[in-house]
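Notes for the structure review
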Amino acid sequence: MKLIVSAFIVAGVLASAPAMANLDLAKKSNCMACHMVDKKLVGPAYQDVAKKYAGNKDAPKLLAEHVKKGSKDVWGPVPMPPNAAVKDADIETLVKWILAGAK
């Protein structure tokens, strides 16, 4: 019985590890200076981004472009600055995480 409980605990930790890793990546990439997971800061909350683009098959490419090159007039008058220094693979990881609700 202890083995089964331990297996579930380990599985839960491993399942949550990617989400924590992506939050850490967002912090490392300086995304959290303007965004929060569940509240608007300077830019929209990641959960609001996920809702806005739910079901949009072009969303991953579009958002990756917004992160890399910046955008304006998407969420209001404050433009999103370009983040050219963030690696493309990291942007792809972040966009997937955001579109999944940043969980």
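As shown above, the structure is provided for reference.
Numbers given for residues are sequential positions, taken from 1 along each chain in its written order. At least 70 in pLDDT is required for a residue's local features to be given in this predicted model, at least 80 for side-chain atom pairs to be given and counted, and no such filter applies to totals for whole chains, interfaces and linings, which use all residues. Calculation of side-chain values draws on the structure's entire complement of heavy atoms; hydrogens and water are dropped beforehand.

Focus: the environment of H66
When you line up the elements, H66 lands in helix α3 (residues 59-69). Burial here depends on accessible area, computed with a 1.4 Å probe over protein chains only, as a share of the maximum for the residue type. Under 20% is buried, over 50% is exposed, and the range in between is partly exposed. Owing to a relative accessible area of 14%, H66 belongs among the buried residues under this scheme. For H66 and P81, which are 15 residues apart along the polypeptide, the C-alpha to C-alpha distance reads 8.7 Å. Contact between two residues is taken to exist if any of their heavy atoms lie within 4.5 Å; hydrogens are not considered. Those residues within four positions of H66 in sequence are excluded, and the remaining contacts are Y53, S71, V74 and M80. Strands are runs of DSSP state E lasting at least 2 residues, helices are runs of H or I lasting at least 4, and numbering of each runs from the N terminus.

As for helix α4 (residues 88-99)
One turn of an α-helix holds 3.6 residues; hence residues three or four places apart share an orientation. In this scheme, a helix's expected span is set at 1.5 Å multiplied by one less than its residue total. Across its 12 residues, α4 extends 16 Å between first and last C-alpha, which sits within 8% of the 16 Å expected from 1.5 Å per residue. Every buried residue of α4 is listed here: D90, I91, L94, V95, W97 and I98. When α4 is viewed along its axis, its buried side chains cluster within an angular range of 160 degrees and face the same direction. Seen from the open side of α4, the exposed residues pointing more than 90 degrees away from its buried face are D88 and K96. Once α4 ends, the next one or two residues include G101, with phi positive near 95 degrees. This arc describes the spread of directions from the helix axis toward the C-beta atoms.

Quick notes on the packing of aromatic side chains
Here a pair means two rings of Phe, Tyr or Trp (six-membered ring of Trp) with centres within 6.5 Å. Their orientation is stacked below 30 degrees between planes, edge-to-face above 60, and tilted elsewhere. Counting across every chain of the model gives 1 aromatic pair. Taking the centre distance of 5.6 Å and the plane angle of 70 degrees together, the rings of Y46 and W97 count as edge-to-face. In this pair, Y46 is assigned in helix α2 (residues 46-52) and W97 in helix α4, connecting sequence segments 51 residues apart. Taken as a pair, Y46 and W97 share a single burial class, namely buried.

Side note on a nonpolar patch on the surface
Exposure above 30% relative accessible area and the lack of any salt bridge qualify a residue for a patch; like charges then connect within 9 Å, and the nonpolar side chains Val, Leu, Ile, Met, Phe, Trp and Tyr within 5 Å. Note on areas: these come from Shrake-Rupley sampling with a 1.4 Å probe, and a residue is covered only by the protein chains present in the view. Within this document, salt bridges are pairs made up of a side-chain nitrogen of Lys or Arg and a carboxyl oxygen of Asp or Glu, the two lying within 4 Å of each other. A contiguous nonpolar patch, built from M36, L41, V42 and V78 and spanning about 320 Å² of accessible area, is present on the exposed surface. Take V78: it is sitting in the loop between α3 and α4.

Quick look at the packing of α3 against α4
It is the contact of α3 with α4, at a shortest axis distance of 9 Å, that shows an interaxial angle of 125 degrees. One way to sum up the angle between α3 and α4 is to call them oblique. Helix-helix and strand crossings are classified by hand; for α3 and α4 the assignment is right-handed. Only D88, I91, V95 and L99 of α4 make contact with α3, whose side of the interface consists of A59, P60, L63, A64, V67 and K68. For the contact of α3 with α4, the class distribution of residues is 8 nonpolar, no polar and 2 charged. Convention adopted: a line fitted to C-alpha atoms gives each axis, helices being fitted over their contacting stretch, and angles between N-to-C directions are expressed from 0 to 180 degrees. Comment on the angle field: the value is read as roughly parallel under 35 degrees, roughly antiparallel over 145, roughly perpendicular from 65 to 115, and oblique elsewhere. If you view the pair so one helix is near and one far, a crossing is left-handed when the near helix is turned anticlockwise from the far one by less than a right angle, and right-handed when it is turned clockwise. Only Asp, Glu, Lys and Arg are considered charged in this grouping, and only Ala, Val, Leu, Ile, Met, Phe, Trp, Tyr, Cys and Pro are considered nonpolar; every other residue, Gly among them, is considered polar.

Re α3
Those residues of α3 not exposed but buried are A59, L63, H66 and V67. An end-on view of α3 places all buried positions within 95 degrees of arc, on one side of the element. For α3, the exposed residues set more than 90 degrees away from the buried face come down to K61 and K69. On its buried face, α3 sits against α2 and α4. The first or second residue beyond α3 is G70, which carries a positive phi of 85 degrees.

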